[in-house]
Amino acid sequence: DGGITQSPKYLFRKEGQNVTLSCEQNLNHDAMYWYRQDPGQGLRLIYYSQIVNDFQKGDIAEGYSVSREKKESFPLTVTSAQKNPTAFYLCASSMAQGDQPQHFGDGTRLSIL
Amino acid sequence: AQKVTQAQTEISVVEKEDVTLDCVYETRDTTYYLFWYKQPPSGELVFLIRRNSFDEQNEISGRYSWNFQKSTSSFNFTITASQVVDSAVYFCALREWYTGNQFYFGTGTSLTVIP
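The structure presented is a predicted model; accordingly, all values stated were derived computationally and were not measured.

1. Some details on the overall build of chain B
So, point 1. Looking only at helices and strands, chain B has zero helices and 12 strands in total.
So, point 2. Reading the secondary structure of chain B in the N-to-C direction produces β-β-β-β-β-β-β-β-β-β-β-β.
So, point 3. Taking 13 Å as the expected radius of gyration for a compact globule of 115 residues, we find that chain B reaches 14 Å, a close match to that expectation.
So, point 4. Dimensions along the principal axes, computed over C-alpha positions, put chain B at roughly 45 × 25 × 20 Å.
So, point 5. Residue burial in chain B is summarised as follows: out of 115 residues, 46% are buried.
So, point 6. Residue pairs at least 24 apart in sequence account for 56% of intrachain contacts in chain B once pairs closer than 6 positions are excluded.
So, point 7. A total of about 5600 Å² of accessible surface is found on chain B, and carbon and sulfur atoms cover 49% of it.
So, point 8. Each charge class in chain B was averaged separately, 9 positive and 13 negative side chains, and the resulting centres sit 5 Å apart.

Set out below in structure tokens:
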């Protein structure tokens, strides 16, 4: 079955540590996205990528970094510069055409130790 | 400015009641797409429906129905005879033609159906 796989499901970060969240899709989608969701809040866009080797900052990119070396993969690194990283992170992908919906992974819950 | 507004933060209904979730959007584009997603407690967002700006026909799928009105820039979602399994957070989203791949989400409405 095609879909989006996020790993790990739960992740703990120590102070001053960088951590990387994995996102893999086998839907052959061109575009991929990372969102952050805080309790009781909506989705905020961190980064998105329309094609391989290209990505754009979203609304809250500070303290995060991404790479898009392969079409299938869009890992997100939460750096030590992100002072409040505790949140639920969702990865999504979509076709390039405008009327296609996004498909989402199951999410990664990141907490601070 | 918020492109998608879901004014209802939380709604509680008793099972079998009907409930309508409101969504108001803002865009200058003449071509755009609207979506509804459901986020159950497990966390994954599930796509429910898509509408393009040229198709104002309302849609019904089982107990779900959607009312798209361009005149009021609204895309409301009604659940008829609600069930406990409908308890979730529901998100409305907008995708504009000219901004390409970016999606704009509302802040979501948390629906609780009480048995």
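Structure's up, so let's keep going.
2. A short note on the nonpolar core
Looking at soluble globular proteins, one finds that nonpolar side chains tend to be buried together.
So, point 1. Residues B:Trp36, B:Phe75, B:Phe77, B:Tyr90 and B:Leu111 are the most contacted members of the largest nonpolar core, which totals 24 residues.
So, point 2. In terms of residues, this core owes the most to one element, strand S10 (residues 88-96) of chain B, which gives four residues.
So, point 3. When sequence neighbours within four positions are dropped, the list of residues in contact with B:Leu111 reads B:Ile11, B:Val13, B:Val19, B:Ile79, B:Asp86, B:Ser87, B:Ala88 and B:Tyr90.
So, point 4. Of all hydrophobic cores here, the second largest spans 20 residues; its members include A:Leu11, A:Val19, A:Ile60 and A:Leu110.

3. Examining the pairing of S10(B)
Residues and elements named next belong to chain B.
So, point 1. The buried fraction of S10 is high, at eight of nine residues.
So, point 2. Pairing geometry for S10 and strand S12 (residues 109-114), over three bridges, is antiparallel. Pairing of Ala88 across the sheet is with Leu111, part of S12.
So, point 3. Two elements, S10 and strand S11 (residues 103-105), share three bridges in a ladder whose sense is antiparallel.

4. Comments concerning the side chain of A:Thr79
So, point 1. Relative to the elements of secondary structure, A:Thr79 occurs in the loop between strand S8 (76-78) and strand S9 (87-94).
So, point 2. Once you skip the residues sitting within four places of it in the chain, A:Thr79 turns out to touch A:Arg13, A:Gln17, A:Asn18, A:Gly63, A:Tyr64 and A:Ser65.

5. Some remarks on the interface of chain A and chain B
So, point 1. The interface is formed by 24 residues belonging to chain A together with 19 residues belonging to chain B.
So, point 2. Taken over both partners, the interface formed by chain A and chain B buries close to 1800 Å², and the fraction arising from carbon and sulfur atoms is 52%.
So, point 3. Of all residues in chain A, the largest losses of buried area upon contact with chain B belong to A:Gly98, A:Pro101 and A:Phe104, amounting jointly to 25% of the total for that side.
So, point 4. Between the two partners, chain A and chain B, sit zero salt bridges.
So, point 5. At the surface where chain A touches chain B, the tally comes to four residue pairs in polar contact (both at pLDDT 80 or more).
So, point 6. The set of elements that each furnish at least two residues to the side of chain A that touches chain B consists of strand S4 (31-37), strand S5 (43-51) and S9 of chain A.
So, point 7. Looking at the side of chain A that touches chain B residue by residue, the class counts come to 12 nonpolar, 10 polar and two charged.

6. A closer look at the packing of aromatic side chains
All names here are of chain B.
So, point 1. Under the defined criterion, the tally for this structure stands at 23 aromatic pairs over all chains.
So, point 2. With a centroid separation of 5.1 Å and 90° between ring planes, the pair formed by Tyr64 and Phe77 is classed as edge-to-face. Of this pair, Tyr64 sits in strand S8 (residues 64-69) while Phe77 sits in strand S9 (residues 74-79), and the two are 13 residues apart along the sequence.
So, point 3. We classify Phe77 as buried; its relative accessible area is 0%.

Definitions and limits used
Residues numbered from 1 in each chain as written. Chains lettered and ligands numbered in written order. Predicted model: local features only at pLDDT ≥ 70, side-chain atom pairs only at ≥ 80, totals over all residues. Heavy atoms only, no water. Helix = DSSP H or I, 4+ residues; strand = E, 2+ residues; numbered from the N terminus. Rg over C-alpha atoms; globule rule 2.2 N^0.38 Å. Buried < 20%, exposed > 50% of the residue type's maximum accessible area, 1.4 Å probe, protein only. Contact = heavy atoms within 4.5 Å. Areas by Shrake-Rupley, 256 points an atom, 1.4 Å probe, with all protein chains shown as cover. Lys, Arg positive; Asp, Glu negative; His and termini not counted. Charge placed at Lys NZ, Arg CZ, Asp CG, Glu CD. Core = buried A, V, L, I, M, F, W, Y, C linked by side-chain atoms within 4.5 Å. Pairing = 2+ DSSP bridges. Buried area = accessible area lost by both parts, 1.4 Å probe. Salt bridge = Lys/Arg side-chain N within 4 Å of Asp/Glu carboxyl O. Polar contact = N/O pair within 3.5 Å; in protein donor to acceptor, adjacent residues only side chain to side chain. Nonpolar A, V, L, I, M, F, W, Y, C, P; charged D, E, K, R; others polar. Phe/Tyr/Trp six-rings, centres within 6.5 Å; stacked < 30°, edge-to-face > 60°.

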